[in-house]
Amino acid sequence: MAKIKKIVVDRNLCIGAASCVLTADTVFELDAENKAIIKLKGGVKSAEPAEKTALEDDAASDNTLLTAAQSCPTRAILLYDEDGKQVYPS
Amino acid sequence: MEKIKYLIIGGGVAGTTAAETIRQQDPEGSCAIVSDEPYRLYSRIMLSKPNFFLEKIPFDQIWLKQADWYIQNNIALMAGKKATALDTAAKTVTLDDGTALAYEKLLLATGSCVRRWDITGAEKQNIFYLRTLDDAKQIIAKVKSTKRAIVIGGGFVGFEMCDMLRLANIDVTLILREPHFWDPLLDEHSGKLIEVALEKGDVKILHNSLVKEVIGGDTVQGVALQNDIVLPTDMIVVGIGTYCPIEWTAGSGIKTNRGIVTDEYLAASAPDVWAAGDGAEFKDVILSEQIQLGNWANAQMQGKVAARNMCGAHEQFRIVSFYVTSGFGITIAFAGDIRPAPEKKIVTRASADGRFYGRILLKNGKLVGATLINGTRDLSSIVKLIERGTDLSEKCAELADPSFSLATLL
């Protein structure tokens, strides 16, 4: 599998089912609108696309990120590799 | 007769995830999915969400697999066909068009169906149920010309349909048989919190109410309650529960109860037959009892585990189930086993302002389930505590304190 560089949550698609949170709670949590946001270094939380390097070190392996994205029942998590190519959904 | 190495009955998330997993294990063996819906895999969970209903996202977002995915993976999708008979001795399944298929390994991922209303007038037009994409399409079309709607039943479908209908600016009356929303799974306080949110959103709620009869000609004009009050309406959405369609397996020797009974490996009681998803009544190794669940996460995970076992693994199924929904400015989350029982102790975990209200269910000192209103931040820790089976009998004061981080118990 290609290395994951960027993580995006599509807020229009996100229904707050929480499957990503349960798979990778070091990376995802639900905000007050019940939408998934991304946890960055130093306790910062972001609804914007995030570079993997902006996550806490060792927050999640590429495999865990992929499992989290695959578990989403609305495919609201998009993963991109270092060339900007979409890894998931493929 | 065509012989299929891996035959899957059911094209929902359990069956399709199983096919995908089988392909990872065995790239060559023939694999077919029989689905009684005329569609490829779609997001059933999305069907009840307002963004989909009100067409705020493109319709095509509903598809979770592209049509060519099945071809590329050499998975035969036999859509729009229903399995009608199973012979576990001859290892064959018969379909409603008369086709007989022989299998080596069989997965039953037949899901659940909506329970239909059986009252007078229930056959009239503009009475809707929500389970399939076709059901949703009918509701989407009807919502556009509706001024007044009635929703029957206080559960996830009822809650989400009220939300969608109000966002579409339709007058909504919710009719509950019970004294409060989601009784008896939720206590009165939790139920009332949900009702306050619904009422703030201008949903009228009738409690302890049963519909006696649907009124109208060919189409619905209203409902008469048992107290003879008549409510006019343009449409009715009925959400009164589900059942597993297992009658077609009768005589096959497969043990069934509410669903298809399996062991902890998701194997049914006949050789080379497994079950996954809403229709599986499996042995839960965390709770040590037979349970049946109807949610996405469970169906997806069971599809994976059953498929690995069909390919020769010997893997126990282990999951803490959860479901979260939101609407009317609140979130509702359920985790684990939330069925009330005398032997379960319930710890209330609530904020002073009453906005967050959680109930933590303990059995023999171990966390087994939780209901959380506006408390999804606790969900992840709760699921892990259930999974680990940590003894929390000495920690009730901490569990009850909403400022105490549950993560510290991990």
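What you are looking at is a predicted structure, and each value in this text was computed from that prediction instead of being measured.

**Considerations on the sheet that holds strand S12 (residues 211-216) of chain B**
Residues and elements named next belong to chain B. Strand order in this open sheet of 3 strands is S12-S13-S14, and the pairing throughout is antiparallel. The sheet is open, and its two edges are formed by S12 and strand S14 (230-232), each paired on a single side. Strand-to-strand, the axes of this sheet are offset by a mean angle of 25 degrees, without reference to chain direction. By the bridge criterion, 5 bridges tie S12 to strand S13 (residues 220-225) in an arrangement that is antiparallel. Residue pairing for S13: isoleucine 215 is matched across the bridge by glycine 222.

**Quick notes on the interface of chain B and chain A**
Chain B puts 20 residues into the contact, and the matching count from chain A is 16 residues. Those elements that place two or more of their residues in the side of chain B that touches chain A are helix H7 (296-310), strand S21 (322-327) and helix H8 (379-388) of chain B. Split into classes, the residues belonging to the side of chain B that touches chain A amount to 10 nonpolar, 8 polar and 2 charged.

**A few points about the pairing of strand S23 (residues 344-350) of chain B**
All names here are of chain B. With 7 bridges connecting them, S23 and strand S24 (residues 357-363) associate as antiparallel partners. Paired with alanine 350 across the bridge in S24 is tyrosine 357. Hairpin connection, S23 to S24: the antiparallel pair is bridged by 6 residues, and glycine 354 has positive phi, about 80 degrees.

**Here we look at the nonpolar core**
Leu107, Ala276 and Phe322 of chain B are the most contacted members of the largest nonpolar core, which totals 147 residues. Per-element accounting of this core gives the leading share, 8 residues, to H7 of chain B. Discounting residues that sit within four places of it in the chain, phenylalanine 322 of chain B has contacts with Ala18 and Leu22 of chain A together with Ala297, Ala333, Phe334, Ala335, Leu379 and Val383 of chain B.

**Topic: the domain arrangement of chain B**
All names here are of chain B. What the domain assignment reports for chain B is domain 1 (2-45 + 61-112 + 244-310), domain 2 (130-238) and domain 3 (323-409). Between the C-alpha centres of domain 2 and domain 3 there is a distance of 29 Å. Taken together, the contact between domain 2 and domain 3 spans 16 residues of the former and 12 residues of the latter. Elements represented by at least two residues in the side of domain 2 that touches domain 3 include exactly helix H5 (156-167) and helix H6 (188-200). Considering every element that reaches the side of domain 2 that touches domain 3, the biggest residue donor is H6, with 7 residues. The residue makeup of the side of domain 2 that touches domain 3, split by class, is 9 nonpolar, 3 polar and 4 charged.

What counts, and at which threshold
Residues numbered from 1 in each chain as written. Chains lettered and ligands numbered in written order. Predicted model: local features only at pLDDT ≥ 70, side-chain atom pairs only at ≥ 80, totals over all residues. Pairing = 2+ DSSP bridges. Helix = DSSP H or I, 4+ residues; strand = E, 2+ residues; numbered from the N terminus. Axes fitted to C-alpha atoms, helices over the stretch in contact; angles between N-to-C directions. Contact = placed C-beta atoms within 7 Å. Nonpolar A, V, L, I, M, F, W, Y, C, P; charged D, E, K, R; others polar. Core = buried A, V, L, I, M, F, W, Y, C linked by C-beta atoms within 7 Å. Buried ≥ 20, exposed ≤ 12 C-beta atoms within 10 Å, placed from the backbone. Domains from an automatic or database assignment.

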